Every structure is written in structure tokens, then in C-alpha cells.
Amino acid sequence: GGTYHLLFNGIEIERFAKATPHPTDGPTIFFIGRHEERKGLAVLLDALRLMPADVRVWVGGTGPQTEALRAAHGGDPRIEWLGRLSGEDVAARMRGADVFCAPSLHGESFGVVLLEAMAAGAVVVASRLDGYRNVASDGVDSLLTAPGDSEALAAGLRRALGDSGLRSDLVAAAEQRAQAFSMERLAEIYVERYQDLRR
């Protein structure tokens, strides 16, 4: 019983929007997450076979699949294995990358990391999961592809990197979307709720 008001997870906009971009020397894709089956890093690395030679991929994080994935793809000079990153480093990489890729296969309840990438000005290319669709809209502020489909993911990544007009439109819409989930907005809503309860 009762009436419930569900509030969103807030993000610190300025921490990402004003981070100093990490330098890069070509079109760059950033992945951050635990290296496990659920996060879909293997799908992203498989998609690289369909990507141009000048693309760079920053892979942040570690996990149970790290060694196997490095053994399978370690010879690809386009991939930079970053290991564990601080929060400051994650923000800098998001600001420096052209695309943030979240190729998860399942189990994502809410796309906080997508919103952080949106705030940082990276184009989001992610799996079409219900959890991610809580915050991302395909073709509006992001590009969403079928989970586990490396060819579809590669096509989405090529669109994001190759179409500057689309990229600009997605980034502009994404920045607005991220603002709607700012910590400041969340604090305002909490104040409004407490004021209502006092009446």
C-alpha cells in the first residue's frame, strides 16, 4: 500500500563536462567496466575487425576475462589497455574520446555511466537494453544496437565516428538529457518533496 515517488540517480555534471580531455591522435572509442561476459567487452573487441585502421580503443577496467581478451586481441595496436582508472581519469577519458561504448549484454538497471558520458560530450553507442533505455533514446541522444551483435555494434560505431553532423546532433541532445539528471536537479526535487510533507 501507499503512494511512492521514484526519483532518478543523479550525476555530477561539471565533473565530466569540465574535465580536461585526455589527448588522442585519432578517432577514439572508450570502454570502462568490469571485464566479464555481462559487460560485452568481447563484443566490442570483435567489432574492431570491421572498423577502420585509424580507430583507437581505450579499454578501462579489469576482470575475470582480462587475460583471455588480451591474449585474443593483444596484438591489435589500436587497443590501449588501461587497467583500473581513478574517477578523475575516467572523466578525462570520456572528455577525450569521440565515442563512449557500452556493449552490455544484460543486467543493466540504469544507465548512469551513459549519462556521465553524455555530460562529457562523448557520443554514446550502447546496447538496446531496457536499463539503458531509461536514459538513452536511439537516434536522438545516442545510438543503440542489438546486444551481442558485433556487426550491428560496428555499424553504430562507424556511424558515430564517420558522420560529423549526426555526431554534433547527438552530442547536443545528450548534453540536454544529462542536465535533466543532474545532482542539482535531484536536490531540488528532494527539497520539494520534503516541503510537501511538511504541509
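Residues numbered from 1 in each chain as written. Predicted model: local features only at pLDDT ≥ 70, side-chain atom pairs only at ≥ 80, totals over all residues. Heavy atoms only, no water.

Draft legend 1. View of the nonpolar core. In this structure, Phe30, Met94, Phe100 and Leu114 are the most contacted members of the largest nonpolar core, which totals 34 residues. Looking at this core element by element, the count peaks at six residues for helix α5 (residues 112–120). Ranked by size, the runner-up nonpolar core spans 28 residues in total, among them Leu45, Ile79, Cys101 and Leu161. (Core = buried A, V, L, I, M, F, W, Y, C linked by side-chain atoms within 4.5 Å. Buried < 20%, exposed > 50% of the residue type's maximum accessible area, 1.4 Å probe, protein only. Helix = DSSP H or I, 4+ residues; strand = E, 2+ residues; numbered from the N terminus.)

Draft legend 2. Representation of the packing of helix α7 (residues 150–162) against helix α8 (residues 164–179) within the structure. It is the contact of α7 with α8, at a shortest axis distance of 6 Å, that shows an interaxial angle of 95°. When the interaxial angle is binned, α7 and α8 end up roughly perpendicular. Residues Arg159, Ala160, Leu161 and Gly162 of α7 lie in contact with α8, whose contacting residues are Ser164, Leu166 and Arg167. Of the residues in the contact of α7 with α8, the class split is three nonpolar, two polar and two charged. (Axes fitted to C-alpha atoms, helices over the stretch in contact; angles between N-to-C directions. Parallel < 35°, antiparallel > 145°, perpendicular 65-115°, else oblique. Contact = heavy atoms within 4.5 Å. Nonpolar A, V, L, I, M, F, W, Y, C, P; charged D, E, K, R; others polar.)

Draft legend 3. Broad picture of the sheet that holds strand β3 (residues 79–83). Read from one edge of the open sheet, six strands run β3-β2-β1-β4-β5-β6, paired in parallel fashion. The strands lining the two open edges of the sheet, one partner per strand, are β3 and β6 (143–145). Geometrically, the sheet is characterised by an average inter-axis angle of 20° between neighbouring strands, direction not taken into account. Strand direction decides the pairing type here: strand β5 (residues 123–127) and β6, joined by three bridges, are parallel. Directly across from Val125, in β6, lies its bridge partner Leu143. Sitting on the sheet, α7 is in contact with β1 (28–32), β4 (99–102), β5 and β6, with an inclination near 170° to β6. (Pairing = 2+ DSSP bridges.)

Draft legend 4. Representation of the pairing of β5 within the structure. Burial within β5 is extensive, with five of its five residues counted as buried. For β4 and β5, the ladder comprises four bridges, and the chain directions are parallel. Across the sheet, Phe100 pairs through a bridge with Val124, a residue of β5. The parallel pair β4 and β5, bridged by α5, forms a crossover whose chirality is right-handed. (Right-handed = clockwise from strand over helix to strand, strands pointing away.)

Draft legend 5. Broad picture of the side chain of Lys39. Residue placement: Lys39 occurs in the loop between β1 and α2 (41–47). Take Lys39: its relative accessible area is 17%, and that puts it in the buried class. A distance of 2.8 Å separates a polar atom in the side chain of Lys39 from a polar atom in the side chain of Glu108. Aside from chain neighbours lying at most four places away, what touches Lys39 is Phe31, Arg34, Pro103, Ser104 and Glu108. (Polar contact = N/O pair within 3.5 Å; in protein donor to acceptor, adjacent residues only side chain to side chain.)

Draft legend 6. Molecular detail of a nonpolar patch on the surface. A surface patch of nonpolar side chains, about 380 Å² in accessible area, is lined by Tyr190, Tyr194 and Leu197. Secondary-structure assignment places Leu197 in helix α9 (residues 183–198). Assessed through its relative accessible area of 69%, Leu197 is described here as exposed. (Patch = residues over 30% accessible without salt bridge, like charges linked within 9 Å, V, L, I, M, F, W, Y side chains within 5 Å. Areas by Shrake-Rupley, 256 points an atom, 1.4 Å probe, with all protein chains shown as cover. Salt bridge = Lys/Arg side-chain N within 4 Å of Asp/Glu carboxyl O.)

Draft legend 7. Broad picture of α5. Across the nine residues of α5, seven count as buried, placing the element largely inside the fold. Summarising the contacts, the buried residues of α5 are in contact with α1 (13–17), α4 (87–96), β4, β5, α6 (130–133) and α8. Immediately beyond the C-terminal end of α5, within one or two residues, lies Gly121, with a positive phi of roughly 90°.

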